[in-house]
Amino acid sequence: LIRFYATEQAAPSRESNPEPPTLITRFEDLHTLGVNERLIQSITKGMRYETMTEVQSMTINPALRGKDVVAQAKTGTGKTLAFLVPVIQRIIEAQPELERPSRKRATADDIRAIVISPTRELAEQIGEEARKLARNTGVRVQTAVGGTQKNAMLRKTRAEGCHLLIATPGRLNDLLSDPTSGIAAPRLAALVLDEADRMLEVGFKAELESIVSLLPDRNTVPRQTLLYSATLPKNVVNIARTYINPANFEFVQTVR
Ligand code: ADP
Ligand code: MG
């Protein structure tokens, strides 16, 4: 009976409208969307996560299909992985040799993706999670936060290179506006604004505007923008309007 019901129900709708893309909810199934196997294994074997949280499945799927994303979800719902997975995948797609670890020198101006986070602690946490994810790939992750030795960070980044930079707004603005820092993103492919509401609360609007003016023009160097926030007050909506591609974005709001 169940089989009959399923067939009867499914058949007409399949004919009348094209099937929506399957929503992947298990990390293991990400390979059907072309996600790098090493990246998937870091999640399923390294971190031992099987099933995506709601905000993860609802944003990883459209982000992997190239959409910009504006997502509202509560604290503790797994937003970090939600943006790191598509961002790291995008870096590998832009530079396929990064699929596996390599001794080849990377440079400080090879940044493909930037994650902006409101606080030093959050940026460090994101950095740790990104390093776990990128462990078996050639993607180099660096963090740039205020309050730490700028010169030590610069030395490390120049020596190791950087494809994914996690930064707080003040320090990022400082590094990008200083031409002697060597840190640059002329081929930026993805920008993440994490905890956008907190960034604005802390008063980072001017830094964010300055940072975006220092990045390549997205009409010349197309980039994907992902914005995550626990709340969506008017100032966050305005930021989203400025940074998100209005012609190709997904708005995600989760309740859990
Ligand atoms: P948020 O940024 O939304 O506040 P985090 O990204 O910090 O949330 O994740 C909260 C916690 O949930 C972290 O400890 C993280 O390791 C864990 N976590 C994330 N995704 C999953 C998942 N799919 N399955 C189980 N635990 C997860
Ligand atoms: Mg978070």
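A short tour of the structure in this document, coming up. (Residues numbered from 1 in each chain as written. Chains lettered and ligands numbered in written order. Predicted model: local features only at pLDDT ≥ 70, side-chain atom pairs only at ≥ 80, totals over all residues. Heavy atoms only, no water.)

## Describing the overall build of the chain
Applied cut-off: Each helix is a run of H or I in the DSSP string that is no shorter than four residues. Each strand is a run of E no shorter than two, and both are numbered from the N terminus. Radius of gyration here is computed from C-alpha atoms only, and the compact-globule reference equals 2.2 Å multiplied by the residue count raised to the power 0.38. Burial status follows relative accessibility: with a 1.4 Å probe on protein chains alone, a residue under 20% of its type maximum counts as buried, one over 50% as exposed, and anything between as partly exposed. The contact definition used throughout considers only heavy atoms, calling two residues in contact when any of these lie within 4.5 Å. Where accessible areas are quoted, they stem from the Shrake-Rupley method and a 1.4 Å probe; at the residue level, only the protein chains shown are allowed to cover.
The number of helices and strands found in the chain is 10 helices and seven strands. For 256 residues, the compact-globule estimate of 2.2 N^0.38 gives 18 Å, and the C-alpha radius of gyration of the chain, at 19 Å, lies within 12% of that figure. The buried share of the chain, reckoned over its 256 residues, is 46%. The long-range fraction of contacts in the chain, counting pairs at least 24 apart against all pairs at least 6 apart in sequence, stands at 77%. For the chain, the computed accessible surface area is about 13,100 Å², with 50% contributed by carbon and sulfur atoms.

## Some remarks on the site of ligand 1
To be explicit about the condition: Here a residue counts as near a molecule or strand whenever at least one of its heavy atoms sits within 4 Å of it. Nitrogen and oxygen atoms within 3.5 Å of one another constitute a polar contact, given that in protein one can donate a hydrogen and the other can accept it, and given that sequence-neighbouring residues count only through two side-chain atoms. In the scheme used here, Gly and all other residues not listed as nonpolar or charged are polar, with Ala, Val, Leu, Ile, Met, Phe, Trp, Tyr, Cys and Pro taken as nonpolar and Asp, Glu, Lys and Arg as charged.
Taken together, 13 residues lie near ligand 1, and Tyr-49, Thr-51, Gln-56, Gly-76 and Thr-80 sit nearest. One of the backbone nitrogen or oxygen atoms of Gly-76 is found 2.5 Å away from an oxygen atom of ligand 1. With the chains in place, 69% of the 570 Å² that ligand 1 exposes on its own is no longer accessible. The residue makeup of the shell around ligand 1, split by class, is three nonpolar, eight polar and two charged.

## Considering helix H6 (residues 150-160)
An α-helix turns once every 3.6 residues. As a result, residues three or four positions apart point the same way. The criterion, for reference: Each C-beta atom gives one direction from the helix axis, and the arc is the one those directions make.
For H6, every residue scored as buried is listed here: Met-153, Leu-154 and Thr-157. Around the axis of H6, the buried residues are gathered within 100° of arc, so they sit on the same side. Those residues of H6 that are exposed and aimed more than 90 degrees away from the buried face are Arg-155 and Ala-159. At its buried positions, H6 is contacted by strand E3 (141-144), strand E4 (164-167) and helix H7 (169-177).

## A short note on the packing of H6 against H7
Note the following rule: Axis geometry follows a simple rule: fit a line to the C-alpha atoms, using only the stretch in contact for helices, then measure angles between N-to-C directions, giving values from 0 to 180 degrees. Crossing handedness is read from the near helix: turned anticlockwise from the far helix by less than a right angle, it gives a left-handed crossing, and turned clockwise, a right-handed one.
Relative to each other, H6 and H7 sit at 65°, their axes nearing to 13 Å. Crossing geometry of H6 relative to H7 is assigned as right-handed. In this structure, H6 contributes Lys-150, Met-153 and Leu-154 to the contact, and H7 contributes Arg-171, Asp-174 and Leu-175. Split into classes, the residues belonging to the contact of H6 with H7 amount to three nonpolar, no polar and three charged.

## A short note on the sheet that holds strand E7 (residues 249-253)
Selection criterion: Any two strands with at least two DSSP-identified bridges between them are counted as paired.
Strand order across the open sheet formed by seven strands is E3-E4-E2-E5-E6-E1-E7, with parallel pairing between neighbours. Here the strands that pair on one side only, and so sit at the sheet edges, are E3 and E7. Averaged over all neighbouring strand pairs, the angle between strand axes comes to 10°, with direction disregarded. Bridge count for strand E1 (residues 68-72) against strand E6 (residues 224-229) is four bridges, and the pairing is parallel.

## Comments concerning helix H10 (residues 234-243)
Taken residue by residue, H10 has Val-236, Ile-239, Ala-240 and Tyr-243 as its buried positions. Seen end-on, H10 carries its buried residues on one side only, within an arc spanning 100°. Structural note: H10 exposes Lys-234 and Arg-241 on the side pointing more than 90 degrees away from its buried face. Elements that come into contact with the buried residues of H10 comprise E1, strand E5 (190-193), helix H8 (196-201), helix H9 (205-214) and E6.

## Re the layout of surface pockets
Here is the rule we go by: Cavity: a set of points on a 1 Å grid over the protein atoms alone where a 1.4 Å probe fits but cannot get out. Pocket: an open set with protein on both sides within 12 Å along at least five of seven lines, its lining residues, like those of a cavity, having an atom within 4 Å of a point. Grid points are joined across faces, edges and corners, and a volume is the space filled by probe spheres set on the points.
Here the largest pocket is characterised by a volume of approximately 230 Å³. The set of elements that each furnish at least two residues to the lining of the largest pocket consists of helix H4 (79-94) and helix H5 (120-134). It is H5 that contributes the most residues to the lining of the largest pocket, four residues altogether. A per-class count over the lining of the largest pocket returns two nonpolar, six polar and four charged. Taken as a whole, the second largest pocket spans an internal volume of roughly 190 Å³. Taken together, Val-70, Leu-232, Val-237, Ala-240, Arg-241, Ile-244, Pro-246, Phe-249 and Phe-251 form the lining of the second largest pocket.

None of the figures reported here should be taken as evidence of function without further support.
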